[in-house]
Amino acid sequence: MAVIKKIQDKLSALDYSGMYGDDFFLTWEKTYDEIMATFTVADALRALREAGASPRIFDSGLGISLFRDNSTRTRFSFASACNLLGLAVQDLDEGKSQIAHGETVRETANMVSFMADAIGIRDDMYIGKGNAYMREVSNALKEGYADGNLEQRPTLVNLQCDIDHPTQIMADMNHIIDTFGGVENLKNKKVAMTWAYSPSYGKPLSVPQGIIGLMTRFGMEVVLAHPDGYEVMPEVEEVAKKNAAESGGSYSKTNSMSDAFEGADIVYPKSWAPFKAMEKRTKLYGDGDMDGIDALEKDLLAQNAEHKQWECTEALMKKTNGGEALYMHCLPADISGVSCSEGEVEASVFDRYRVPLYKQASHKPYIIAAMIFLSKIKDPCGKIDELIARGIPRYFG
Amino acid sequence: MAVIKKIQDKLSALDYSGMYGDDFFLTWEKTYDEIMATFTVADALRALREAGASPRIFDSGLGISLFRDNSTRTRFSFASACNLLGLAVQDLDEGKSQIAHGETVRETANMVSFMADAIGIRDDMYIGKGNAYMREVSNALKEGYADGNLEQRPTLVNLQCDIDHPTQIMADMNHIIDTFGGVENLKNKKVAMTWAYSPSYGKPLSVPQGIIGLMTRFGMEVVLAHPDGYEVMPEVEEVAKKNAAESGGSYSKTNSMSDAFEGADIVYPKSWAPFKAMEKRTKLYGDGDMDGIDALEKDLLAQNAEHKQWECTEALMKKTNGGEALYMHCLPADISGVSCSEGEVEASVFDRYRVPLYKQASHKPYIIAAMIFLSKIKDPCGKIDELIARGIPRYFG
Amino acid sequence: MAVIKKIQDKLSALDYSGMYGDDFFLTWEKTYDEIMATFTVADALRALREAGASPRIFDSGLGISLFRDNSTRTRFSFASACNLLGLAVQDLDEGKSQIAHGETVRETANMVSFMADAIGIRDDMYIGKGNAYMREVSNALKEGYADGNLEQRPTLVNLQCDIDHPTQIMADMNHIIDTFGGVENLKNKKVAMTWAYSPSYGKPLSVPQGIIGLMTRFGMEVVLAHPDGYEVMPEVEEVAKKNAAESGGSYSKTNSMSDAFEGADIVYPKSWAPFKAMEKRTKLYGDGDMDGIDALEKDLLAQNAEHKQWECTEALMKKTNGGEALYMHCLPADISGVSCSEGEVEASVFDRYRVPLYKQASHKPYIIAAMIFLSKIKDPCGKIDELIARGIPRYFG
């Protein structure tokens, strides 16, 4: 348990008191210490599990999942996190198309939460809607708790919205910290978050936005690269600039994938839809204009097809620092010749990075569990001691 | 734990031995003591949870849910109750339209129940079918247990049928007891169960029927109000009359919402479909006559629309006792100007009662848990002592 | 606990070391001792549960279920087994028609398994595909574990494939052992696995194949009976012949249901589709030839209809040993005059055997639990002692 002692020492040096009883919406709403505490608790929970100790803190309780979109990876990550802590997952299926408002949101949020300790929401389809919906749910739960209708306030975890994808990006970041041997080694490392071609349409902006919103906080040189017309939300770019200034790093933009890869230590080539097109789509959906949506889809696919050269090739990888940049992706990737004829990444590049890619993904259940743990446990260091001391094995094998 | 001691004292005075090993179909099949024991155990389970003690009595076991209709509230209540007691919920999806019979019911009931401790069924769509189906399942399980094929007999909980909605109505009643400071204060209180206009069609009769079937047992003056043509099942009215006679209360009917509200202590304005129309619909479904169903739907909506004045307004609320009757609803309500243009209740009335409405709903998970607990535990008073003594926290926080 | 001591003695005499850390694909890949160990551990888990002791070995962990086909019985058996051992079930819904390959299978298998201890797959629709898919998943998980991406390797349990249905057949076999008072009494018993008429089409071959592949290992006389054209996979017949030669039993074929029933101790009359037709269907699906599939279906129904006399009647039952053969079925059966007009079995025969049929089915959850237990627990005998000694009740009643 030496590794856990070391993690506890790290945790003791941080001020994360603000996370107790709080939700997790956007990484840039959390202090640097709170972000670091999340990584540290995630590591502690993993170390506990690997050492055979159960980090279960709930004897009963529900973890509610609400996915407006199909999801396998995030769904299983949330289910794993809940299960590890002792919560039973109960899916709330409100349907995909219908976005509830006002009274309905308030009422449903309370009605399902009488015994809920956590609620994870994925709502990334419509610009201006997903994050707002989550806050509406959170406010309803706060009110329900204040009114005495709920015995406990469920912790809300943003499992992807229109603005950020904090559980993904925090997992990505913890993978980077692991790979580079500590956050202290990240100063001036170059991160290339670049658009890449995909034959599909309308991928959410939450990953590139989340990356520039978080990675700029560690003194790294963050470059966002995309063809003209694939801009992300301007307010997130403002966050990235502010972060970079504060952390002593930089945030810059380019329209050249090659420039972005030049000397990069980390590359994250991934398709996304233009922000303005997503705004337009949101409006079309609001108006129920299905013909307009079909036309927009055709336009966007045609626009994508003009940028097929935005592919993460072996040649591009050679341009990175020592030709050995860390290749990252949130998965699934569009692999040329494998999952599509032309896509985001050359098959040989993807193949070479499969093990680290899976490792990257393995952080997500622990990040989610850490978010819930920090919201529920006032003294995480002491609780970790207790979890070790009580001696309940995760697996009585 | 003084509050729990008091609850145990109450429980000790009651004879509820008949609930051990039994199912819960209709409130009027239970003795007064059994009804009171259910409220009391529900309060005890809540008090235990609020005091931080886990009332989990199962280390493993399944709680099977079978919903023939979409349901969020009841589904989560059942899931919460099962989870609190230690059962994992497993959904049995038999499809909505197909009503299984005979061999199929017997076989399926046994096949899914080898490790099931509880089964909750909601089947409220067809008059004459839902409750009968539940009894068929229950009989199959009794037989399977007697034959030695099942190691334990799952407790069947009626989560809403064509006749009664006992988990809802018991939650409603416990809310009334709480609100009025004890069952001893209910004598001669006036309850107005009244029809209200809704732009939707075919709402089940189980709530008004359940209300007149249960609330007449406490010496209250129960009034059922509805427009001509919205009669409920005559056999349930007979139950209400008998109950009222025995409890020293009264059961009466009126066709005036205003008369019902006059001096009322409790009002429950809610839409439902006419019993005879539901009988007709059941027959049309049985014959597969979809045109007939469409025609019936149109007729019913037109019939509803003649009674838009049946709305719970501020003006009507003023007529109640001190203008301060307890407004109740099983939720979701059709709120005028909020969830529909014209509906069951004025927005300002609903708003004013939101907190008590949510409180009302919060009883349901505990009522369901109490029904299962009383069926599984021979000595609930002693078991509550044990649950406190073993000192397992619900949440190791 | 004398019964458990006896079971442990049996277990101690067997060599089942190969099951630790291994999957369960086909019964004939397991040694005789491994098969017997599975029955023995299943009996031990049942005895523990019946004695009130919880055999839960996981404090947390997921059991993933992947069903490409609708399933109620096997789904609940898997859920029961997982729950008994302490795993939460999480369904992976990949859709029915789409058979994933290569990269997608490898990636998905890893992405869902970060905290998974078991994965149960049912994939029986296409000849040559189901078992192959399971092995692909298993290999991906082995690789993910070797690479350090998975902290534990999930045990794969074949919940029915195109070749075998080991959880069903092992449950069937354990029922036979129980019924005949021990495996030592099975020598020279005659088992008739016979085709029977059903008005439905395309039932999987995994049951008859599984039966001849397993039952030939116990010195029994196994007869496979079917009309011309309903052949099973030749490679499984080879397995049956080899098994029979080794066990001192026999494997033979006949085209007469009556011959098969003559003097039989056990009869298993059940419909299945011709192997060659299933191969053709697999090809048609691969080509997306829906017209071809419709035509094939019509042909197969017509072919079935020529063999309506293949029904398990009272007259046929009289031909069995003492007229009292054990009638078996994996359920649901097509019962003449009950679930269809003409089917696999006469209603009076089915009725007479209902209790043993349900008993037969009751073995499945324990067989699945035993498969997982033996893969996870190095010293099952010692662990059973520990499970008794720790004194955690399954139900704190």
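Residues numbered from 1 in each chain as written. Chains lettered and ligands numbered in written order. Predicted model: local features only at pLDDT ≥ 70, side-chain atom pairs only at ≥ 80, totals over all residues.

**Here we look at the overall build of chain A**
Within chain A, the regular secondary structure consists of 15 helices and 9 strands. On C-alpha atoms alone, chain A measures out to a radius of gyration of 21 Å, which is about the 21 Å that the 2.2 N^0.38 rule sets for 397 residues. Structurally, chain A occupies a C-alpha span of about 60 × 50 × 45 Å along its principal axes. Considering chain A as a whole, with its 397 residues, one finds that 57% of them fall into the buried category. Long-range pairs, those at least 24 residues apart, make up 83% of the contacts in chain A with a sequence separation of at least 6. (Helix = DSSP H or I, 4+ residues; strand = E, 2+ residues; numbered from the N terminus. Rg over C-alpha atoms; globule rule 2.2 N^0.38 Å. Buried ≥ 20, exposed ≤ 12 C-beta atoms within 10 Å, placed from the backbone. Contact = placed C-beta atoms within 7 Å.)

**Looking at helix α8 (residues 234-247) of chain B**
One turn of the α-helix equals 3.6 residues, which is why residues spaced by three or four share an orientation. All names here are of chain B. Here α8 spans 20 Å end to end across 14 residues, near enough to the 20 Å set by a 1.5 Å rise per residue. Of all the residues in α8, the buried ones are Val236, Val239, Ala240, Asn243 and Ala244. The arc that holds the buried residues of α8, viewed along the axis, is 130°, so those residues lie on one side. Residues Pro234, Glu235, Glu238, Ala245 and Glu246 are exposed on α8 and point more than 90 degrees away from its buried face. Turning to α8, the residues buried within the fold contact α7 (206-215), β6 (221-225) and β7 (250-254). Looking one or two residues past α8, Gly248 carries a phi angle of roughly 80°, positive in sign. (Expected span 1.5 Å × (residues − 1). Arc of directions from axis to C-beta.)

**Some points on the sheet that holds strand β2 (residues 88-91) of chain A**
Residue and element names in this part refer to chain A. Read from one edge to the other, the open sheet built from 4 strands follows the order β2-β1-β3-β4, with strand pairing classed as parallel. Both edges of this open sheet fall to β2 and β4 (155-161), since each of them pairs with a single strand only. Sheet twist, expressed as the mean angle between neighbouring strand axes with direction ignored, is 20°. Sheet strands in contact with helix α3 (residues 73-85) are β1 (62-67), β2, β3 (116-123) and β4, and its direction is about 170° off that of β1. Sheet strands touched by helix α14 (residues 354-376): β3 and β4. Its angle to β4, the strand with the most contacts, is close to 150°. (Pairing = 2+ DSSP bridges. Axes fitted to C-alpha atoms, helices over the stretch in contact; angles between N-to-C directions.)

**Observations concerning the relation of the copies chain A and chain B**
Overlaying chain A on chain B yields an RMSD of 0.0 Å, the required transformation being a rotation through 120° with an accompanying axial translation of 0.0 Å. Given the turn and translation reported, the copies of this chain are related as if by a three-fold rotation axis. Closest approach to the rotation axis within chain A is made by the C-alpha atom of Ala88(A), at a distance of 4.5 Å. Interface residue correspondence from chain A to chain B reaches only 4%, placing this contact among heterologous pairings that use different surfaces. (Least-squares fit on C-alpha atoms with pLDDT ≥ 70 in both.)

**So, the interface of chain C and chain B**
Listed as interface residues are 30 residues of chain C and, on the opposing side, 24 residues of chain B. For the side of chain C that touches chain B, the elements supplying multiple residues, two or more each, are α2 (32-50), α3 (73-85) and α14 (354-362) of chain C. Tallying contributions element by element places α3(C) first for the side of chain C that touches chain B, with 6 residues. Looking at the side of chain C that touches chain B, its residues break down into 16 nonpolar, 8 polar and 6 charged. (Nonpolar A, V, L, I, M, F, W, Y, C, P; charged D, E, K, R; others polar.)

**As for the interface of chain A and chain B**
Often, the extent of an interface is quoted as the loss of accessible area on bringing the components together. Opposite the 24 residues of chain A that make contact, chain B presents 30 residues. Contributions of two or more residues to the side of chain A that touches chain B are made by β2 and α4 (102-111) of chain A. Top element by residues in the side of chain A that touches chain B is α4(A). It accounts for 6 residues. In terms of residue class, the side of chain A that touches chain B is made up of 10 nonpolar, 8 polar and 6 charged.

**Some points on the domain arrangement of chain A**
Residue and element names in this part refer to chain A. Domain parsing of chain A yields domain 1 (2-164 + 364-390) and domain 2 (168-359). Distance between the C-alpha centres of domain 1 and domain 2: 26 Å. Elements that contribute at least two residues to the side of domain 1 that touches domain 2 include exactly α2 (32-50), β4 and α14. No other element matches the 4 residues that α2 contributes to the side of domain 1 that touches domain 2. (Domains from an automatic or database assignment.)

**Some remarks on the sheet that holds strand β2 (residues 88-91) of chain C**
All names here are of chain C. Taken together, the 4 strands give an open sheet; going across it, the order is β2-β1-β3-β4, and neighbouring strands pair in parallel fashion. Edge positions in the sheet fall to β2 and β4 (155-161), since each has one partner strand and no second. Direction aside, neighbouring strands of the sheet carry axes that sit 20° apart on average. Packing against the sheet, α3 makes contact with β1 (62-67), β2, β3 (116-123) and β4, and its axis sits at approximately 170° to β1. Helix-sheet contacts for helix α15 (residues 364-376) involve β3 and β4, and the interaxial angle to β4 is about 150°.

**A word on the nonpolar core**
The biggest cluster of nonpolar side chains holds 398 residues, and the ones touching the most others in it are Ala192(A), Ala369(A), Ala192(B), Ala369(B), Ala192(C), Val222(C) and Ala369(C). Apart from the residues lying within four places of it in its own chain, the contact partners of Ala369(C) are Ala42(C), Leu45(C), Ala81(C), Leu84(C) and Leu85(C). (Core = buried A, V, L, I, M, F, W, Y, C linked by C-beta atoms within 7 Å.)

**Details of the environment of Ile57(C)**
Residues and elements named next belong to chain C. Within the fold, Ile57 resides in the loop between α2 and β1. Under the C-beta neighbour-count criterion, Ile57 is labelled buried, with 23 such atoms within 10 Å. Distance in space between the C-alpha atoms of Ile57 and Lys376 is 9.2 Å, their sequence separation being 319 residues.

**What about the pairing of β1(C)?**
Within a regular strand, the side chains alternate between the two sheet faces. Residue and element names in this part refer to chain C. For β1, a buried count of 6 out of 6 residues is recorded, marking the element as mostly surrounded by other parts of the structure. Here β1 shows no split at all, with Leu62, Ile64 and Leu66 on one side and Gly63, Ser65 and Phe67 on the other all buried. Sheet topology places β1 next to β3; 6 bridges connect them, and they run parallel. Note that in β3 the partner of Gly63 across the bridge is Ala118. Examined bridge by bridge, β1 and β2 share 4 bridges and lie parallel to one another.

**Notes on the relation of the copies chain C and chain B**
The transformation that overlays chain C on chain B combines an axial shift of 0.0 Å with a rotation of 120°, and the residual RMSD is 0.0 Å. Of the residues that chain C buries at the interface, just 3% are likewise interface residues in chain B, meaning the two copies contact each other through different surfaces.

**Comments concerning the environment of Gly63(A)**
All names here are of chain A. Relative to the elements of secondary structure, Gly63 occurs in strand β1. Under the C-beta neighbour-count criterion, Gly63 is labelled buried, with 26 such atoms within 10 Å. Once the C-alpha coordinates of Gly63 and Ser206 are considered, the two residues, 143 residues apart in sequence, prove to be 23 Å apart. Contacts of Gly63, omitting those with residues within four sequence positions, involve Cys82, Leu87, Ala88, Val89, Asp117, Ala118 and Gly120.

**A closer look at the environment of Ala389(B)**
Position of Ala389(B) among the secondary structure elements: in helix α15 (residues 380-390). Each C-alpha atom, one on Ala389(B) and one on Ala53(B), is 9.4 Å from the other, the two residues being 336 residues apart in sequence.

**Observations regarding the packing of α2(C) against α15(C)**
Residue and element names in this part refer to chain C. Running from amino to carboxyl end, α2 crosses α15 at an angle of 110°, the nearest separation of the two axes being 8 Å. Looking at the two axes, α2 sits roughly perpendicular to α15. Considering how the two elements wind past one another, α2 and α15 form a crossing that is right-handed. Here Ala37, Thr38, Val41, Ala42, Leu45 and Arg46 of α2 lie close against α15, whose contacting residues are Tyr366, Ile367, Ala369, Ala370, Met371, Phe373 and Leu374. For the contact of α2 with α15, the per-class residue count stands at 11 nonpolar, 1 polar and 1 charged. (Parallel < 35°, antiparallel > 145°, perpendicular 65-115°, else oblique. Left-handed = near helix turned anticlockwise from the far one by under 90°.)

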